[in-house]
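Inside the fold
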Amino acid sequence: MGVQFYELVSWARRRKVFASLLVAVTLGIGIMIGTIISGRALATHGQNGASGASLLAVPDPITLSNSFSTISKKIGPAVVNISTTQVIEKPKGGAKRPHHLNDPFQDFFDRFFDSPDNGPDAERSLGSGVIVDRKGFILTNDHVIDQATKIQVAIDGDPTKYSAHLVGADKDTDLAVVKIDVGRELPVAKLGNSDGTQVGDWVLAFGSPFGLSSTVTAGIISAKDRATVGKQFQRFIQTDAAINPGNSGGPLVNMAGEVIGLNTAIYTGSRGFEGVGFALPSNTAISVYNQLITVGKVTRGSIGITFQEDRSNNPVLLKELGAPYGIVVEAIEPGSPADKAGLKPGDVITNINGAPVHTGSDLVNPIAQTTIGQSVQVRFVRDKIAKEVSMTVADRSKIFPQTAVNPEEGPDQSEEPGQFGLHVEELTPDLAHKLGMGKLTGVVVTQVEPASFAEDIDFSRGDVIVEVNHVPINGLADYRREMARLKPGQDVLFKVARHADNDRVLTLFLAGAVPSQMAQ
């Protein structure tokens, strides 16, 4: 009995040790599992953030259809922004302009200098153009540069604004050629044959709508040979590529990267894009360009007749006159080739140099493109009888002198313009006190001419020039001496004091390169 009790006690002890060991092992395994799970949870928390969202990664770029981008990279460098300034003389005795915040001394200047601000105003406009010759020849619209006092050209990626001069303009087609001198060869756009375009073809329109340079829009050719929206020698390519103010003069480009038109006009009731834009065909632009760079003007031939294409399209009229097709002559200019050849109103012209005449262009273009003094063969129908006659082509501007555009005379200059567009007066102590300039010495700007170098570098009326190229200016003598030392192309730095709206005097530095045409 004692032995059995001892064995029972020994067995219980062994069970207790085994149980303790089992519990210890279980706890150890639990701790390990908890540590692993906790570590994973911590890692997940660190990756996902407090909200549990996964971080985003930038994917690899995917190249989609690159036809448009390829053409844009090819043509874009040859498209320029054109800004113009036109100086408009105010009528004598006209009302003064309203006061501006940036001219707080308007009344003071009017009283002190007896010079109310009745000077000329500057009107500015923006447009586009396309470089067609590496030497800097640019095609644009005439209405972009018309009557401009100053033409400036900005090339994409080049911070310099280049002054351009007008080579020639043609108002009948609204085309012009300007040239810039950059000192290096420029990228050019290739001109294509506009006769190869088809309705439905994709096109890109380049330009600077609303001054937003390097803008490209896409569309299709909506129609060709639109003749009812422009002048006699304008027959447009119509497109639904977005064209807005500022696009004028920019190229319309086909999918071969060729310029097939120059953006010229839009049809709109809101002055904005409404899906109907017009571009002059490149073939017209090439013909005009070649004459402008050769002789500076476009000469067109004429035989001295007047007609209306819409009325000539009346089949009943043509039937009664005995012609299967053609253009009905409505008037003959006295002394013109048509008058000398015996043509009369009511004659129906059916052929020019053997080619049938179905439209006004079929009649006008071959005659206009004929060299003055050469002959054309004209076939016509009179009283249902066909006749043919040879006519010597004359200068259209002489036959129709009322349509020739004569340059307007520029405004009379009442006084010698100020140097660089700056008019200055001595800054006396009394004047400096009244202007709030303290004890400054120098010269005060009394007038800044529009479209001048002074305006370009941001001079304002009331500025006080205290230094020119780091040389102190104590009066008019110092100012004149330093200005006389400046040479064309030289950099010039003006140190200027300007009275701010908050009664503080600002120190400004206005700088630029002396323009050759203005240096004295």
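Residues numbered from 1 in each chain as written. Predicted model: local features only at pLDDT ≥ 70, side-chain atom pairs only at ≥ 80, totals over all residues. Heavy atoms only, no water.

**Notes on the pattern of salt bridges**
For the structure shown, the criterion picks out 20 salt bridges. One salt bridge in this structure joins Asp 456 and Lys 150, with 2.6 Å as the shortest N-O distance. Highlighted residues: Asp 456 in helix α12 (residues 453–456) and Lys 150 in strand β4 (residues 150–155), separated in sequence by 306 residues. On the basis of relative accessible area, Asp 456 is assigned to the partly exposed category, the value being 42%. What emerges from the salt-bridge pattern is a single network uniting Asp 170, Asp 172, Arg 300 and Arg 396. (Salt bridge = Lys/Arg side-chain N within 4 Å of Asp/Glu carboxyl O. Helix = DSSP H or I, 4+ residues; strand = E, 2+ residues; numbered from the N terminus. Buried < 20%, exposed > 50% of the residue type's maximum accessible area, 1.4 Å probe, protein only.)

**Remarks on unusual backbone geometry**
Excluding glycine, a negative phi dihedral is what most residues carry, and trans is how most peptide bonds are arranged. Non-glycine residue Asp 383 carries a positive phi angle of around 55 degrees. Asp 383 gets classed as exposed once you look at its relative accessible area, which sits at 66%. Phi is positive for Asp 458, close to 85 degrees, though the residue is something other than glycine. By relative accessible area, which is 44% here, Asp 458 ends up partly exposed.

**A look at the nonpolar core**
Among the nonpolar cores identified, the biggest contains 40 residues, and Ile 82, Ile 138, Leu 139 and Ile 180 are the most heavily contacted of them. Of the residues forming this core, the biggest block, five residues, is contributed by strand β6 (residues 175–180). When sequence neighbours within four positions are dropped, the list of residues in contact with Ile 180 reads Lys 135, Gly 136, Ile 138, Val 153, Ile 155, Tyr 162, Ser 163, Ala 164 and Leu 186. Formed by 22 residues, the second largest nonpolar core is a distinct cluster that contains Ile 457, Tyr 479, Leu 486 and Leu 510. (Core = buried A, V, L, I, M, F, W, Y, C linked by side-chain atoms within 4.5 Å. Contact = heavy atoms within 4.5 Å.)

**Examining the side chain of Thr 197**
Looking at where Thr 197 falls in the secondary structure, it is placed in the loop between β6 and β7 (202–207). Given a relative accessible area of 4%, Thr 197 falls into the buried group. Here Ser 194 takes part through its backbone oxygen, which lies 2.8 Å from a polar atom of the side chain of Thr 197. Filtering out sequence-adjacent residues up to four positions away, Thr 197 remains in contact with Ile 221, Lys 224, Ile 237 and Ile 260. (Polar contact = N/O pair within 3.5 Å; in protein donor to acceptor, adjacent residues only side chain to side chain.)

**Quick notes on the confidence of the model for the protein**
Mean pLDDT over the protein stands at 82; residues scoring 70 or higher make up 78%. Here residues 93–102 is a poorly scored stretch, pLDDT under 50, and it has twelve contacts once near neighbours within four places are set aside; other chains count. Across residues 405–417, where pLDDT falls below 50, the model places eight contacts with residues more than four positions away in sequence or in other chains. (pLDDT = per-residue confidence, 0-100.)

**Observations concerning helix α5 (residues 282–295)**
Each α-helix winds once per 3.6 residues, and so residues spaced three or four apart point in a common direction. The terminal C-alpha atoms of α5, which comprises 14 residues, lie 20 Å apart, in line with the 20 Å expected from a rise of 1.5 Å per residue. Every buried residue of α5 is accounted for by Ser 282, Ala 285, Val 288, Tyr 289 and Leu 292. Burial along α5 is one-sided: seen end-on, the buried residues are contained in an arc of 125 degrees. Looking at α5, the residues exposed on the side facing more than 90 degrees away from the buried face are Thr 294 and Val 295. Immediately downstream of α5, the backbone of Gly 296 shows phi near 80 degrees, a positive value. (Expected span 1.5 Å × (residues − 1). Arc of directions from axis to C-beta.)

**Description of the pairing of β6**
The buried fraction of β6 amounts to six of the six residues, a majority that puts the element mostly inside the structure. Residues Leu 175, Val 177 and Lys 179 line one face of β6 and the alternating positions Ala 176, Val 178 and Ile 180 line the opposite face, and both faces are buried. Here strand β3 (residues 137–141) runs beside β6; their pairing, made up of five bridges, is antiparallel. Looking at β6, one finds that Thr 140 is bridged to Ala 176. Across six bridges, strand β5 (residues 161–170) lies against β6 in antiparallel orientation. Bridging across to β6, Ala 169 finds its partner in Ala 176. Counting the residues between successive antiparallel strands, the hairpin from β5 to β6 contains four residues, one of them, Asp 174, with a positive phi of roughly 60 degrees. (Pairing = 2+ DSSP bridges.)

**Here's the deal with the packing of aromatic side chains**
Enumeration over the complete set of coordinates arrives at four aromatic pairs. Note on Phe 459 and Phe 494: the rings are 5.2 Å apart at their centroids and 80 degrees apart in plane angle, and the pair reads as edge-to-face. Of this pair, Phe 459 sits in the loop between α12 and β24 (464–468) while Phe 494 sits in strand β26 (residues 491–499), and the two are 35 residues apart along the sequence. Each member of the pair Phe 459 and Phe 494 is classed as buried. For the cation-ring pair, Lys 179 lies above Phe 137, with the distance from its terminal atom to the ring centre recorded as 5.4 Å. (Phe/Tyr/Trp six-rings, centres within 6.5 Å; stacked < 30°, edge-to-face > 60°. Lys NZ or Arg CZ within 6 Å of the ring centre and 35° of its normal.)

**Looking at the sheet that holds strand β8 (residues 215–226)**
Read around the closed barrel, six strands run β7-β8-β9-β12-β11-β10, paired in antiparallel fashion. For this sheet, the mean angle separating the axes of adjacent strands, direction not counted, is 45 degrees. Strand direction decides the pairing type here: β7 and β8, joined by six bridges, are antiparallel. Counted as the bridge partner of Trp 202 is Ile 220 from β8. Where helix α2 (residues 67–75) meets the sheet, it contacts β7, β8 and β10 (251–254), and its direction lies at approximately 40 degrees from that of β7. Lying on the sheet, α5 is in contact with β11 (259–266) and β12 (277–281); it crosses β12 at an angle near 50 degrees. (Axes fitted to C-alpha atoms, helices over the stretch in contact; angles between N-to-C directions.)

**Considering the pairing of strand β19 (residues 375–382)**
Pairing of strand β17 (residues 348–352) with β19 involves four bridges; the strand directions are antiparallel. Of the residues in β19, the one forming a bridge with Val 348 is Val 381. One ladder, built from eight bridges, connects β19 with strand β20 (residues 385–392); its direction is antiparallel. Of the residues in β20, the one forming a bridge with Val 378 is Val 389. If you look at the hairpin formed by β19 and β20, you'll find two residues sitting between the two strands, and Asp 383 has a positive phi there, around 55 degrees.

**Concerning a nonpolar patch on the surface**
Side chains of Phe 68, Trp 202 and Met 255 sit close together on the surface and give an oily, nonpolar patch of about 290 Å² of accessible area. According to the relative accessible area criterion, Met 255 is partly exposed, its value standing at 34%. (Patch = residues over 30% accessible without salt bridge, like charges linked within 9 Å, V, L, I, M, F, W, Y side chains within 5 Å. Areas by Shrake-Rupley, 256 points an atom, 1.4 Å probe, with all protein chains shown as cover.)

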